[in-house]
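Structural overview
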Amino acid sequence: MRLETEADLAEAVATAEGPLRILGSGTRPVGRPLEGTALSVAGLTGVELYEPGALTLVVRAGTPLAEVERVLAAEGQRLAFEAMDHRGLLGTGGEPTIGGVVAANVSGPRRIQAGACRDALIGVRFVDGRGQVVRNGGRVMKNVTGYDLVKLMAGSRGTLGVLTEVAFKVLPVPEAVATVTLYGAGRDGAFDAMTRALKSPFEVSGAAWVPGAAAVHLRLEGFAGSVAYRAERLTALLSDLGEIAVETGTEANAALWRTIRDVEALADLPYVWRVSMAPGALRAGIRGDLDRTARVERLYDWAGGLCWIGMSAEQAAEYAPLYGADDAASGAIRFHRDLQEAMADPEFGGGHATLVKAPEEVRAQVSVFQPEPAPQAALARGLRAQFDPRGILNPGLMG
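Everything numeric in this text was worked out from a predicted model, so none of it was measured. (Residues numbered from 1 in each chain as written. Predicted model: local features only at pLDDT ≥ 70, side-chain atom pairs only at ≥ 80, totals over all residues. Heavy atoms only, no water.)

**A few points about the overall build of the chain**
Where we set the bar: Helical segments are the DSSP runs of H or I of at least four residues, strand segments are the runs of E of at least two, and each set is numbered from the N terminus. Residue burial is assigned from relative accessible area. The probe radius is 1.4 Å, only protein chains are included, and a residue is buried under 20% of its type maximum, exposed over 50%, and partly exposed in between. Accessible surface is estimated by sampling points in the Shrake-Rupley manner with a 1.4 Å probe; for residues, cover comes only from the protein chains shown. Asp and Glu count as negative and Lys and Arg as positive, but His and the ends of the chain are not part of the count. One atom stands in for each charge, and that atom is NZ of Lys, CZ of Arg, CG of Asp or CD of Glu.
The secondary structure content of the chain amounts to 15 helices and 17 strands. Along the first, second and third principal axes, the C-alpha set of the chain runs to 65 × 60 × 35 Å. In the chain, which comprises 399 residues, the share counted as buried stands at 51%. When the accessible surface of the chain is totalled, it reaches about 16,700 Å², and 51% of it is carbon and sulfur. The positive charge centre, built from 40 side chains, and the negative charge centre, built from 47, are 4 Å apart in the chain.

Shown next, in the form of structure tokens:
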């Protein structure tokens, strides 16, 4: 079902006789394969309110992200959280919607400075599992209330309600950008470089390590004079760690950080995990036993707080003997379970591993998202029972 109004959407949910699969345009299918009637909000489009002077934007949930970005760019503004585009990684089509961005709390490299998608949200409207329209937060910064519920909807992936409208605070596009790149950095050198950069007063807005290219990328944004000064000082700060280059071209910087944001280096691999962990865990790696058992491809973002892991079918097959089988799918399942077990280790500060990309038969057999500790799982069940007492909104997605 593709609905055009909030009222129609509410009626569809209220009268549903079975499970509903909540969709924007289907560009981010992360989670277990779902059954039920597809319910798309892609027909709910349009900007409801935009006040550039107040740095606020209100938009309907089905509006394409590209349209939102065009509207903001015309006024020299942007969404600060730099939402990832999953299409290249997952091989999906369609146009990403702003509601899908919020539902998955999609946040890119700038999170280390500007925060996540949920931090930019100031208001939401959604239809709960009873078919009731709920409004929370505000449309302008001076009238923001109910922050907790606003933030709760970010990352809920349609399990608490179907978003129909979202409101953001936005920020101006900076005058200049530069990327300081350190070449030849191994694990310890990369960790040291990113730690120094983030502890410095130079306001780094991106910190990523691409091991395959042996390069650490550190982004600076702001007024031209400030960016030039900070790039010079940051280069001096890191000069003892290796060869350094500085890129100041706007288009070149945009292309570089787009490849990092969209994890383009892993796009051709059939298995991809997203691992969030304490940045300090970068020095130790994911865990020694996983490193020894399988060769994997990695990309680190958020100064080591986010690690993308990619695995080929051949690499996955290396894990299969541990699972009593000899095929790649079984190996990937074993690797996934070992990885989530490693994340439960206190060494990783409550980290979590999500299986972002794999064939449906693999995703159907595992907990795609990191299993929650018992108290947190009980709280999540209670929230879902309150917002969706019939259990019809994306049931089983978070398993």
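The rest of the description comes next.
**What to know about the layout of surface pockets**
Our working definition: Cavity and pocket criteria rest on a 1 Å grid covering protein atoms alone: a 1.4 Å probe that fits but cannot get out defines a cavity, protein on both sides within 12 Å along at least 5 of 7 lines defines an open pocket, and an atom within 4 Å of a point defines a lining residue. Grid points are joined across faces, edges and corners, and a volume is the space filled by probe spheres set on the points. Three categories are distinguished: nonpolar for Ala, Val, Leu, Ile, Met, Phe, Trp, Tyr, Cys and Pro, charged for Asp, Glu, Lys and Arg, and polar for the others, with Gly belonging to the last.
Empty space within the second largest pocket amounts to approximately 870 Å³. Together, 30 residues line the second largest pocket, and Glu69, Arg78, Arg110, Ala254 and Arg261 are the ones closest to its centre. Looking at the lining of the second largest pocket, the elements that each hand over two or more residues are helix 2 (65–73), strand 5 (77–78), strand 10 (176–183), strand 12 (215–222) and helix 10 (250–261). The dominant element in the lining of the second largest pocket, judged by the number of residues it contributes, is helix 10, at six residues. A breakdown of the residues in the lining of the second largest pocket according to their chemical character gives 14 nonpolar, four polar and 12 charged.

**Observations regarding the environment of isoleucine 392**
Rule in force here: Whether two residues are in contact is decided by their heavy atoms: any pair within 4.5 Å suffices.
Relative to the assigned elements, isoleucine 392 resides in the segment after helix 15 (374–387). Residue isoleucine 392 is classed as buried on the basis of its relative accessible area, which comes to 6%. Taking C-alpha positions, isoleucine 392 is 30 Å from alanine 66, a pair spaced 326 residues apart along the chain. With near-sequence residues (within four places) excluded, isoleucine 392 lies in contact with Val13, Ala16, Gly18, Pro19, Leu20 and Gly129.

**As for the nonpolar core**
Definition in use: Note on terminology: a nonpolar core comprises buried Ala, Val, Leu, Ile, Met, Phe, Trp, Tyr and Cys residues joined through side-chain atoms within 4.5 Å.
Residues Phe168, Leu218, Trp273 and Trp308 are the most contacted members of the largest nonpolar core, which totals 94 residues. Element by element, the count of residues in this core is highest for helix 13 (residues 328–343), at six residues. When neighbours within four sequence positions are excluded, tryptophan 273 is seen to be in contact with Cys307, Trp308, Ile309, Met311, Ala332, Phe335, His336, Leu339, Thr354, Leu355 and Val356. Core analysis: the next-biggest nonpolar cluster, separate from the first, contains 15 residues, Ile22, Val41, Leu44 and Val127 among them.

**Remarks on the sheet that holds strand 6 (residues 121–127)**
Definition in use: For two strands to be treated as a pair, DSSP must find no fewer than two bridges joining them. A fitted line through C-alpha atoms represents every axis, and for helices the fit uses only the stretch in contact; the resulting angles, taken between N-to-C directions, go from 0 to 180 degrees.
Read from one edge of the open sheet, five strands run 3-4-8-6-7, paired in antiparallel fashion. Each of the sheet's edge strands pairs with one partner strand only, and the pair in question is strand 3 (47–51) and strand 7 (133–137). This sheet shows a mean twist of 10° between the axes of neighbouring strands, independent of strand direction. Pairing of strand 6 with strand 8 (residues 162–169), which is carried by six bridges, proceeds in the antiparallel orientation. Bridge assignment links leucine 121 to a residue of strand 8, and that residue is phenylalanine 168.

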